[in-house]
Amino acid sequence: MCGILGLLLHDASVDAAPDICEGLSLLQHRGQDACGIVTCGPKGRFFQCKANGMVRDVFDEKAISKLIGGMGVGHVRYPTAGSSNHAEAQPFYVNSPYGIVFAHNGNLIDGPSLLQFMDATAHRHINTSSDSELLLNLFANNLQQTGKFRINEDDIFTAIGGLMKQCTGAYACVAMLAGFGIIAFRDPNGIRPVGVASRRSNSGRDYLFASESIVADALGFGEWDDVKPGEAMIITRSGVSRKRVAEHATFAPDIFEFVYFARPDSVLDGISVYRSRMAMGDALAVEVDKVLKERGIAVDVVIPVPDTSRVAALNLAQKLNLPYREGFIKNRYVGRTFIMPGQQMRRKNVRRKLNAMALEFAGKNVLLVDDSIVRGTTSKEIIQMAKDVGAKKVIVASCAPPIRHSNVYGIDMPSRTELVAFGRTTPEIAEAIGADLVVFQTLPDLIASVRQFNPSIPTFDCSVFTGEYVTGGVSEEYLHQLELLRADNAKNKLGINSREGKSEGSRVNGFHDREDMVASSSSINRADDTVGLHNTWNVS
């Protein structure tokens, strides 16, 4: 899961980097592994800064000051395919044709065949294991086929339409052509989100692409509109063009965006994330009430697992006429445990992240409300924390149904065997995480909770619950290979020390210093920043 952003200021003399940096900080919840910004300045020159780490750590005042130009692209990354290497921090870049910068959120399911095409037919070098680089080179290769000295909007639409015929999966993308403008497009099923907004400036209109509407709200942009499934948008300082470039497919945005990933103050595809979570709480209350009455259990207090479940927990408590209390105090300087690679890191960070207050737990039957139960690592630790401070019984209510299947569209739920619900009944899940009882939201109730706010959406991608993949093309062999690629052990074997320790602090995309970077320039169409783009991160 990643966050993407593109910005074009009407006044080319004003730098876009400060706004892009602020926007990325608002998308930090979508990825905490790496981040990057590339801007386009005078004469179409690109300026780049990207590295592993949080936005606040990578982009200080000095770094931002070196990013010159009135348009740019930004990205925050959590690796769902490939590694955590510096070289896979986005945005990516190719110098041919025309100079293209590219940022992507999602995942392709036909990577091996596309890689073969790149090698045997397009003769384009792929430098990383990231499918984002594959998408970039597909786009670049399609533009190359025009053979033109200068291209126009129709050429770009044709190139993107060709890309959508060539690849299968989930993708929301933002691109920038040197000296031309910014581009956004979305897969034919609209699985991953991206939208557009504008604001009035002294000289004209500024335009923004972003994964979530919160970025537009915070930066003073209005008229937010979602990029439609299979649609491409091109924005230059001369105007805005948009066109559907893919054949019709079922519109199925990922329902997990509403359950967990998106900020509650965002609106995706016309649906308020906040309102949808309120509705999840109302629906879950009915299911909880039914199960508790069947078991003869009385609950004393409702406590949310911070932060995502707060909205649903409050509505659930109100509907059941139960006290709502904040029993866990969160350390806000620890990242989201679900998107941390490595079981050991997740487990260790749960207790760093939360502290249970005994006065809210001691001697009580506690109903903990969580957005979902994925690996069970966090749930198990939290339940034990509640019992350690004196809870009599701990009942867990999940706003999402049991997650029993891999996500192939850009969320790191790789191995089915890592999912606590895989191959287990609900009582067995409760036993595995140490709960006295677990209550899951039903899938029809979850879908209704979200869809009621935009009935025009025919369905949602619920593949993590059902194992049904809207794009097709997901075989058992593919799932097995994906699990091998993404398994925690495989990530650990890479030996990438991306967060802990300082041994890689002076390295930029595998090169120790600027001299090494400039010396390596043999490849023509690489995504690595050694071709044409000097990375200003951590260089004086």
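In what follows, the accompanying structure is described. (Residues numbered from 1 in each chain as written. Predicted model: local features only at pLDDT ≥ 70, side-chain atom pairs only at ≥ 80, totals over all residues. Heavy atoms only, no water.)

## So, the packing of helix α5 (residues 131-144) against helix α6 (residues 153-166)
Reasoning step 1: α6 packs onto α5 with a crossing angle of 130° between their chain directions and a minimal axis gap of 9 Å. If you check the angle between α5 and α6, you find them oblique. Regarding α5 and α6, the two cross each other, and that crossing is right-handed. Seen from α5, the contacting residues are Leu135, Leu138, Phe139, Asn142 and Leu143; seen from α6, they are Asp155, Ile156, Ala159, Ile160, Gly162, Leu163 and Gln166. (Axes fitted to C-alpha atoms, helices over the stretch in contact; angles between N-to-C directions. Helix = DSSP H or I, 4+ residues; strand = E, 2+ residues; numbered from the N terminus. Parallel < 35°, antiparallel > 145°, perpendicular 65-115°, else oblique. Left-handed = near helix turned anticlockwise from the far one by under 90°. Contact = heavy atoms within 4.5 Å.)

## Focus on the pattern of salt bridges
Reasoning step 1: The final tally for this structure, using the stated rule, is 24 salt bridges.
Reasoning step 2: Here Arg30 ties to Glu257 by a salt bridge, and the two come within 2.8 Å at their closest N and O atoms. Note that Arg30 is positioned in the loop between α1 (17-26) and β2 (34-40) and Glu257 in helix α8 (residues 256-261), a separation of 227 residues in sequence.
Reasoning step 3: A salt bridge links Asp225 to Arg242; the nearest nitrogen and oxygen atoms lie 2.9 Å apart. Placement of the pair is Asp225 in strand β11 (residues 222-226) and Arg242 in strand β13 (residues 239-244), with a sequence separation of 17 residues.
Reasoning step 4: Its relative accessible area of 26% is what places Asp225 among the partly exposed residues.
Reasoning step 5: By relative accessible area, which is 36% here, Arg242 ends up partly exposed. (Salt bridge = Lys/Arg side-chain N within 4 Å of Asp/Glu carboxyl O. Buried < 20%, exposed > 50% of the residue type's maximum accessible area, 1.4 Å probe, protein only.)

## Re the side chain of Asn105
Reasoning step 1: By the element assignment, Asn105 lies in strand β6 (residues 100-108).
Reasoning step 2: Relative accessible area serves as the criterion here: at 0%, Asn105 is assigned to the buried category.
Reasoning step 3: One polar contact links the side chain of Asn105 to the main-chain amide nitrogen of Cys2, over a distance of 3.0 Å.
Reasoning step 4: For Asn105, the contacting residues outside a window of four places in its chain are Met1, Cys2, Ile4, Arg30, Ala170, Tyr171, Ala172, Arg192 and Pro193. (Polar contact = N/O pair within 3.5 Å; in protein donor to acceptor, adjacent residues only side chain to side chain.)

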